[in-house]
Amino acid sequence: MSLSETAADYEDAPDSAMIRLTLGAVAATLLFASLGQTIVSTALPTMVADLGGMDHITWVITAYLLASTVAAPLAGKLGDMYGRKLVLQSGIIVFIIGAILCGVASTMGMVIGGRAIQGFGAGTLIVTSMATVGDLLPPRQRGMAQGIMGAAFGVSTVIGPLMGGFIVQNLSWHWIFFVNLPVGALAFVILGMALPRRTDLSKRKVDYLGAAMLATLLASVVLLPNAAAEGGGWTSPTVTGVAATGLIALAVFIWAETRAVEPILPISLFRNNTFVVINTVGFMVGTAMFGTITFLPLFLQVVKNVSPTGSGLFLVPMMGGLIFASTMAGRVMSKTGRYKLMPTLSTGLLALAMLSMTSLSMETPLWMIAGSMVLIGLGLGPVFSVGVAAIQNAVPRSLLGVGTASANMFRLIGGALGTAAFGAVFSAGLTRNLAGHIPGAAEGGLRSLGAEAVHAMPIEQQLLVMQGFSAALHPVFWIASGAAVLACLVSMLLHELPLSNS
């Protein structure tokens, strides 16, 4: 497949200068969307202290991830059908609307609703950005480009927490949702100039039933841990209802996909070894990654008395490792056309890194935490760049967007499910550890327990709370380490299809 053939559906095949401009615009769009996720992490304790809702803290993340997950396959399919330009610009508009709603929110419920809208826009942007790389470049060159995209994601995860912490300390948490607006407007204009217009304007049939059932299924999966935590255990009627809804949605989804003219996620892809293995690994890695990003700043602020900006700095080592590993994995793929060993080695390292976090305590030195974060980043990086390039190489060109979307979708499913499950585990552990020590802890009295409130307590009570926080996080990292081990084992089943340079 030549570059001119790759661009055949466009009005004019882009030359090398236009390709560079387009890739730059796409990277900027990915940075914009990723910032929307990462900028919130260091602000969460302050938001909880202001609005209340400690027991709903993970929903700020989960709502975003769930909406991103639902948007991914729909955006991938619409991009295949109607072109990347329209989908990218629509995603920017949706993202900005969600950001504005969050910025003016006066309750945690409003924040969660705005984050869901933001997440839908972000899921659209991330998937379509990566699919655009597949449109423009041959398979072997995609490895390098996807490595750069992974690096852009990593940069956002470094900048986001730092910006969030700085804004919270010097302005107000509301402003973290407004800072992205100029970037979004600029990305909208650049994409309008850089991306070519499609000439195929024929009407296509969208698989609305399949999309609706997939959204229902994904929502049910993510809601299960919360339903168990809030409804009285895994045998409660609430859990039964959510599980039944998910099973019905799964059955209807399979039925719809076997009959749809343009299926949102073709069942045939689940017979593709690369598709199944890479997405299973992505699911496990997403579980481990988002749990770390969500809970480490909370630990640092409450237990180690680190400022919001300082807690954001501790994600820098992780992202430094991620950027380096993602870029190097892309270089190896572009140079050799091979990639099979990289996911196995990187997920094995990730498991060891997560294992080192299971002993976090008040006495754990900050340099040791930073070292563990570097290892986590090195374990995550190759999964990002290898996964998308491998799937794009293994699926038909007509399913390029759908295949790309799947890599992001399954990783976000893991992230959403992991964050919800980790949140339930953490909240239950914290309540259990502090019951009898904090008035009303067993009855939901921890809803507004932020870093400032903890450090205003008498020293004896502070120590009890800090020990309770640390102990409540240990199961989170044990589960994350187990997920990484499973990812390592599954990656060994991958059948490598060498990347061509044409």
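Residues numbered from 1 in each chain as written. Predicted model: local features only at pLDDT ≥ 70, side-chain atom pairs only at ≥ 80, totals over all residues. Heavy atoms only, no water.

*Asks:* Quick question: what am I supposed to make of the overall build of the protein here?
*Replies:* Along the protein, the regular secondary structure elements total 18 helices and zero strands. Burial statistics for the protein: of 502 residues in total, 59% are counted as buried. Taking the intrachain contacts of the protein between residues at least 6 apart in sequence as the baseline, contacts between residues at least 24 apart amount to 84%. Of the roughly 18,500 Å² of accessible surface on the protein, 70% is carried by carbon and sulfur atoms. (Helix = DSSP H or I, 4+ residues; strand = E, 2+ residues; numbered from the N terminus. Buried < 20%, exposed > 50% of the residue type's maximum accessible area, 1.4 Å probe, protein only. Contact = heavy atoms within 4.5 Å. Areas by Shrake-Rupley, 256 points an atom, 1.4 Å probe, with all protein chains shown as cover.)

*Asks:* Would you take a moment to explain the environment of Tyr 64 for this structure?
*Replies:* Along the polypeptide, Tyr 64 turns up in helix α4 (residues 57-82). Remark: the alpha-carbon pair of Tyr 64 and Gly 119, spanning 55 residues in sequence, is separated by 4.2 Å. Sequence-distant contacts of Tyr 64, defined by excluding residues within four places in its chain, comprise Ala 33, Gly 36, Gln 37, Phe 95, Arg 115, Gln 118, Gly 119 and Ala 122.

*Asks:* Quick question: what am I supposed to make of the nonpolar core here?
*Replies:* Nonpolar side chains in soluble globular proteins tend to be buried together. Counting residues in each nonpolar core, the largest one holds 113 residues, and the members touching the most others are Leu 296, Ile 376 and Phe 426. When residues no more than four places from it in sequence are discounted, the contact partners of Phe 426 are Phe 295, Leu 298, Phe 469, Ala 472, Leu 473 and Val 476. Residues Leu 65, Met 108, Ile 112 and Phe 290 belong to the second largest nonpolar core, which totals 23 residues. (Core = buried A, V, L, I, M, F, W, Y, C linked by side-chain atoms within 4.5 Å.)

*Asks:* Help me understand the confidence of the model for the protein in this model?
*Replies:* Detailed reading of the predicted coordinates is not advisable wherever pLDDT falls low. On average, residues of the protein score 78 in pLDDT, and 83% of them reach the 70 mark or higher. Looking over the protein, one finds the lowest element-wise mean pLDDT in helix α1 (residues 3-6), namely 37, and the highest in helix α14 (residues 341-356), namely 90. Note that residues 1-14 has pLDDT below 50 and, in this model, 30 contacts with residues that lie over four places away or in other chains. Low pLDDT, under 50, characterises residues 441-445; the predicted model gives this stretch seven contacts beyond four residues in sequence or across chains. (pLDDT = per-residue confidence, 0-100.)

*Asks:* Can you walk me through the packing of aromatic side chains in this structure?
*Replies:* Here a ring pair, both rings aromatic, is described through the centre-centre distance and the interplanar angle of the planes. As enumerated under the stated definition, the model contains three aromatic pairs in all. Consider the rings of Trp 175 and Phe 178, whose centres lie 5.5 Å apart with planes at 75°: the pair is edge-to-face. Note on Phe 275 and Phe 410: the rings are 6.3 Å apart at their centroids and 90° apart in plane angle, and the pair reads as edge-to-face. Taken together, the residues span a long stretch of sequence, with Phe 275 in helix α11 (residues 273-302) and Phe 410 in helix α16 (residues 400-434) at a distance of 135 residues. Since its relative accessible area comes to 1%, Phe 275 is described here as buried. Through a chain of ring-to-ring contacts, the aromatic side chains of Phe 270, Phe 275 and Phe 410 assemble into a single cluster. (Phe/Tyr/Trp six-rings, centres within 6.5 Å; stacked < 30°, edge-to-face > 60°.)

*Asks:* Honestly, helix α8 (residues 181-194) in this entry has me stumped. Any pointers?
*Replies:* Helical geometry: 3.6 residues make up each α-helical turn, so side chains three or four residues apart lie on a common side. Over its 14 residues, α8 runs 20 Å from end to end, which matches the ideal 20 Å to within 8%, given 1.5 Å per residue. Of the positions making up α8, those classed as buried are Gly 184, Ala 187, Leu 191 and Ala 194. Taken end-on, α8 shows its buried residues confined to a sector of 100°, consistent with a single buried face. Of the residues in α8, the exposed ones pointing more than 90 degrees away from the buried face are Pro 182, Leu 186 and Met 193. (Expected span 1.5 Å × (residues − 1). Arc of directions from axis to C-beta.)

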